[in-house]
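Each chain is listed here by its residues.
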Amino acid sequence: MVKRYFVRTKSLQKGMRIDQNIKDRLDRVLIVRGTHLDTYQIEALGRMGINGVYVSEGEEEPEEIKESKPQSAIARNNISKLRTEDPTKVKLSESIKKRVSEGIQFLYNDTESPNFTSTTTNITKNLLKAIDDNDAIAVDITALKTSDEYTFKHSVDVATMSMIVAKKMNMKQKDVYNIGIAGLLHDMGKSKIPLEILNKPARLTDEEFEVMKQHSVYGYRILQEKDDFAKPIATAVLQHHEKINGKGYPMGVTAEKISPFAKILSVVDVYDALVTERPYKKGMSQRDAIEIIMSMTEELDITAMRSFLGSVILYPVDSIVQLSNGEEACVVENHSEAVLRPTVVGLKSGRVYDLTNDLSCASILIM
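Residues numbered from 1 in each chain as written. Predicted model: local features only at pLDDT ≥ 70, side-chain atom pairs only at ≥ 80, totals over all residues. Heavy atoms only, no water.

**Student:** A description of the overall build of the protein chain should follow, citing residues and the corresponding values.
**Tutor:** Along its length, the protein chain carries 13 helices and 11 strands. Within the span of the protein chain, comprising 367 residues, buried residues form 51% of the whole. Considering only residue pairs separated by 6 or more positions, the protein chain has 63% of its internal contacts joining residues 24 or more positions apart. Accessible surface for the protein chain amounts to roughly 18,300 Å². Of this, 50% is attributable to carbon and sulfur atoms. (Helix = DSSP H or I, 4+ residues; strand = E, 2+ residues; numbered from the N terminus. Buried < 20%, exposed > 50% of the residue type's maximum accessible area, 1.4 Å probe, protein only. Contact = heavy atoms within 4.5 Å. Areas by Shrake-Rupley, 256 points an atom, 1.4 Å probe, with all protein chains shown as cover.)

Rendered as structure tokens:
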């Protein structure tokens, strides 16, 4: 029987069998799934910026052809009996997405505009209204998308998810609103980065990355020059790449000197950057990104991380998933404390798999 699990790159050991293909930005396979890693390959993964991979142990079993089957009678009964609605999710209408996307592009193209503040507040109010109208306390991370352009999409995604997380942490409405502004503007300093670095279709050199790291300082200065934003907003923009172990930038401060807003932004920013495709890398799956986030306890604030994980819905209720034991199953309940392990019902067997609490399901994964 094959056991599959996730290992951060820095913890990989020679001889481990990788359970995924590693490709370059041109979609060429560099390391084939099933390869037993050597030292050179492990070092190469680190140089490529890959934070972790799936590895496997045990003997491969002959692959069987599996067809999607209708629900059995016992499955239908258990699904009906156990189905629990997901927490209310934030929904952005097409008109809001359009207004927000246009507003963000305006902000990033003209930081000196006299309408900078009013545009920022209007966007944030639109996003907050979408959250409040549904009393939303969760976000379907597979559905959030406002624009195909990375900077604009990323800014809105970070703002929306950060407000949801702040709400989950029972922050005051004013703070939820302010962290939304900080999320929108957290990458504003990139407007001051030379375009040949900002738009480079490949990984940055060490020297180029040092220039890119200044974007948080530039963003802080842009906001400092304006008297319309609360001080915690500018501080969050400055610190959103800081890490609680002091290994972030631009100042390298540790947990006690990082603002609460920045701790939330850091978690959300890392997640969204991992799942978003860029010219030099493919986006990770949501599942892989969540596992990376969960492994970063030395770098990310644990309270912000838990609130983020408790706010995202990876497998919405009623979605059909493939289990590692070969059975297709219907998701009937999500658990905020275990986003990767909902309760599901096998479509053929009708078996209830409580992936969070049932120890007999400990070896079963959603593929």
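**Student:** Describe the pattern of salt bridges, with residues and values.
**Tutor:** In the structure shown here, the tally under the stated rule is 8 salt bridges. Of the charged contacts, one joins Asp318 and Arg83 as a salt bridge, the two residues approaching to 2.6 Å between their closest N and O atoms. In this pair, Asp318 sits in the loop between strand S7 (312-313) and strand S8 (320-322) while Arg83 sits in the loop between helix H2 (73-82) and helix H3 (94-109), placing the two residues 235 residues apart along the sequence. (Salt bridge = Lys/Arg side-chain N within 4 Å of Asp/Glu carboxyl O.)

**Student:** Can you tell me about the sheet that holds strand S1 (residues 3-8), naming the residues and giving the values?
**Tutor:** Read from one edge to the other, the open sheet built from 3 strands follows the order S1-S5-S2, with strand pairing classed as antiparallel. Of all the strands in the sheet, the pair left with one neighbour each is S1 and strand S2 (17-18). Relative to strand S5 (residues 52-57), S1 runs antiparallel, the two sharing 6 bridges. Within the sheet, the bridge partner assigned to Lys3 lies in S5 and is Glu57. Each of S1 and S5 touches helix H12 (residues 286-295); the most contacted strand, S5, lies at about 100° to it. (Pairing = 2+ DSSP bridges. Axes fitted to C-alpha atoms, helices over the stretch in contact; angles between N-to-C directions.)

**Student:** Lay out the nonpolar core in plain terms, naming residues and giving numbers.
**Tutor:** Within the largest apolar cluster, 71 residues are counted, with the highest numbers of intra-cluster contacts made by Leu185 and Phe308. By residue number, the principal contributor to this core is helix H11 (residues 260-275), which donates 9 residues. When sequence neighbours within four positions are dropped, the list of residues in contact with Phe308 reads Met161, Val165, Val267, Val268, Tyr271, Ile290 and Ile293. In this structure, Val7, Leu12, Val53 and Val55 belong to the second largest nonpolar core, which totals 12 residues. (Core = buried A, V, L, I, M, F, W, Y, C linked by side-chain atoms within 4.5 Å.)

**Student:** Give a detailed account of the sheet that holds strand S10 (residues 343-346), specifying residues and quantitative values.
**Tutor:** Across a sheet, paired strands are connected by hydrogen bonds in the backbone, their directions being either parallel or antiparallel. In spatial order, the strands read S8-S9-S10-S11; together these 4 strands make up an open sheet with antiparallel pairing. If you trace the sheet from one side to the other, it starts and ends with S8 and strand S11 (352-354), each paired once. For this sheet, the mean angle separating the axes of adjacent strands, direction not counted, is 40°. Of the pairings in the sheet, the one linking S8 to strand S9 (residues 328-333) comprises 3 bridges and is antiparallel in character. Paired with Gln322 across the two strands is Glu328, which belongs to S9. Across the face of the sheet, H2 comes into contact with S9, S10 and S11 while running at roughly 160° to S10.

**Student:** Tell me what's going on with the packing of H11 against H12, and back it up with residues and numbers.
**Tutor:** Where H11 contacts H12, the axes come no closer than 9 Å and their chain directions differ by 145°. Along this stretch, H11 crosses H12, giving a crossing that reads as right-handed. In contact with Val267, Val270, Tyr271, Leu274 and Val275 of H11, H12 contributes Gln286, Ala289, Ile290, Ile292 and Ile293. Its residues placed into classes, the contact of H11 with H12 shows 9 nonpolar, 1 polar and no charged. (Left-handed = near helix turned anticlockwise from the far one by under 90°. Nonpolar A, V, L, I, M, F, W, Y, C, P; charged D, E, K, R; others polar.)

**Student:** Give me unusual backbone geometry: which residues, what numbers.
**Tutor:** Of note, the amide linkage connecting Tyr249 to Pro250 takes the cis form, showing an omega dihedral of 15°. Tracing the backbone through its elements, the reader meets Pro250 in the loop between helix H10 (231-239) and H11. A positive phi angle, close to 60°, is found at Asn170, a residue other than glycine. Assignment of secondary structure puts Asn170 in the loop between helix H5 (150-168) and helix H6 (173-185). Phi is positive for Asp318, close to 90°, though the residue is something other than glycine. Taking relative accessible area as the criterion, Asp318 reaches 40% and is therefore assigned partly exposed.

**Student:** Tell me about H11, residues and numbers included.
**Tutor:** Between the first and last C-alpha of H11 there are 24 Å, a value that for 16 residues agrees with the 22 Å anticipated at 1.5 Å per step. Extensive coverage of H11 is indicated by the burial of 14 of its 16 residues. (Expected span 1.5 Å × (residues − 1).)

**Student:** An account of the confidence of the model for the protein chain is requested, with residue identities and associated values reported.
**Tutor:** Low pLDDT means the predicted atomic positions in that stretch should not be read closely. Mean pLDDT for the protein chain: 84, with 86% of residues reaching 70 or above. In the predicted structure, residues 61-68 sits below a pLDDT of 50 and forms 5 contacts with residues beyond four places in sequence or in another chain. (pLDDT = per-residue confidence, 0-100.)

**Student:** So what's going on with the packing of aromatic side chains? Which residues, and what values?
**Tutor:** Evaluated as defined, the whole model comprises 3 aromatic pairs. Ring geometry for Phe209 versus Tyr249: centroids 6.0 Å apart, planes at 85°, classification edge-to-face. In this pair, Phe209 sits in helix H8 (residues 206-212) while Tyr249 sits in the loop between H10 and H11, placing the two residues 40 residues apart along the sequence. Overall, Phe209 belongs to the partly exposed group, its relative accessible area being 38%. With a centroid separation of 5.4 Å and an interplanar angle of 50°, the aromatic rings of Tyr271 and Phe308 are classed as tilted. Within this pair, whereas Tyr271 is found in helix H11, its partner Phe308 is found in helix H13 (residues 302-309), the two being separated by 37 residues in sequence. Like Tyr271, the residue Phe308 is buried in the burial classification. Positioned over the ring face of Phe116 is Lys226, at 4.6 Å from the centre of the ring. (Phe/Tyr/Trp six-rings, centres within 6.5 Å; stacked < 30°, edge-to-face > 60°. Lys NZ or Arg CZ within 6 Å of the ring centre and 35° of its normal.)

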